[in-house]
Amino acid sequence: MNTKNLVILALLAGIGVVLHTVMPSFFGIKPDMMLAMMFLGIVLIPEIKSVLLLAIVTGVLSGLTTGFPGGQIPNIIDKPITALVFFGLFLALNKYRNSVISVAVLTAVGTLVSGTVFLTAAYFIVGLPSSFAVLFAAGVLPAIAINAVVMVIVFPIAQTIFKRSKISSASVVQK
């Protein structure tokens, strides 16, 4: 893991914190915009060390900025699980890695996994302020749509920046 990659991951985590903080909450749950930045970091730097580091940092930062009552621990549980599932799916789609559509679909699936793990962990650890279905519909479904759209917009820009700056990335270089 080199310094350039660490700086990129730190910037993405910082952008994710800002997006997560300014996102309004619906029925006590915020759509997690930090996930889009975590997924972008995984796609741009697909190394297991980077994935684990980014997942832990994202989980802690997401827990610090959550509006969900008792959501700190569920965020810390959710992000590493989601990151590893996303990373596994990303590696499985070797041929279609650089497709904007596949990255957007993976982002939607990853957000679905994240929301499900988060709400399940919150249910068992602190309880839910409303029903699982209401919280899923109010927080997870909008997050799936928002994160997929964000990824469709941001991924090609990030890909272009990586190519022009000659930053090494297994994902971008293989194209």
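In what follows, the accompanying structure is described.

Cut-offs used in this document
Residues numbered from 1 in each chain as written. Predicted model: local features only at pLDDT ≥ 70, side-chain atom pairs only at ≥ 80, totals over all residues. Heavy atoms only, no water. Helix = DSSP H or I, 4+ residues; strand = E, 2+ residues; numbered from the N terminus. Rg over C-alpha atoms; globule rule 2.2 N^0.38 Å. Buried < 20%, exposed > 50% of the residue type's maximum accessible area, 1.4 Å probe, protein only. Phe/Tyr/Trp six-rings, centres within 6.5 Å; stacked < 30°, edge-to-face > 60°. Polar contact = N/O pair within 3.5 Å; in protein donor to acceptor, adjacent residues only side chain to side chain. Contact = heavy atoms within 4.5 Å. Core = buried A, V, L, I, M, F, W, Y, C linked by side-chain atoms within 4.5 Å.

**Details of the overall build of the protein**
A count of helices and strands for the protein gives seven helices and zero strands. N-terminal to C-terminal, the α/β element order of the protein is α-α-α-α-α-α-α. On C-alpha atoms alone, the protein measures out to a radius of gyration of 15 Å, which is about the 16 Å that the 2.2 N^0.38 rule sets for 175 residues. Oriented by its inertia axes, the alpha-carbon framework of the protein measures out at about 45 × 30 × 25 Å. Counting across all 175 residues of the protein, residues that qualify as buried make up 48%.

**Here we look at the packing of aromatic side chains**
Applying the stated rule across the entire model yields four aromatic pairs. Relative to Phe86, the ring of Phe39 lies with its centre 4.3 Å away and its plane at 10°, an arrangement referred to as stacked. A residue pair is termed long-range when its members are at least 10 positions apart, and Phe39 in helix α2 (residues 34-44) and Phe86 in helix α4 (residues 72-92) qualify at 47 residues. Across this residue pair, the class does not change: Phe39 and Phe86 are buried. Note on Phe68 and Phe118: the rings are 5.1 Å apart at their centroids and 75° apart in plane angle, and the pair reads as edge-to-face. Here Phe118 lies in helix α5 (residues 100-125) and Phe68 lies in the loop between α3 (48-64) and α4, a separation of 50 residues in the sequence. For the residue pair Phe68 and Phe118, the accessibility class agrees, reading buried in each case.

**Some thoughts on the side chain of Asn75**
Its location among the elements puts Asn75 in helix α4. For Asn75, a relative accessible area of 3% gives the class buried. Reaching out from Asn75, the side chain makes a polar contact with the side chain of Lys79 at a distance of 2.9 Å. Those residues within four positions of Asn75 in sequence are excluded, and the remaining contacts are Asp32, Gly59, Ser62, Gly63, Thr66 and Phe118.

**Digging into the nonpolar core**
The biggest cluster of nonpolar side chains holds 29 residues, and the ones touching the most others in it are Met38, Phe39, Leu40 and Ile42. Those elements that provide at least two residues to this core are α1 (3-22), α2, α3, α4, α5 and α6 (132-165). Sorting elements by how many residues they give to this core places α2 first, with nine residues. If near-sequence neighbours (up to four positions away) are discounted, Leu40 is found in contact with Leu12, Met151, Val154, Phe155 and Ala158.

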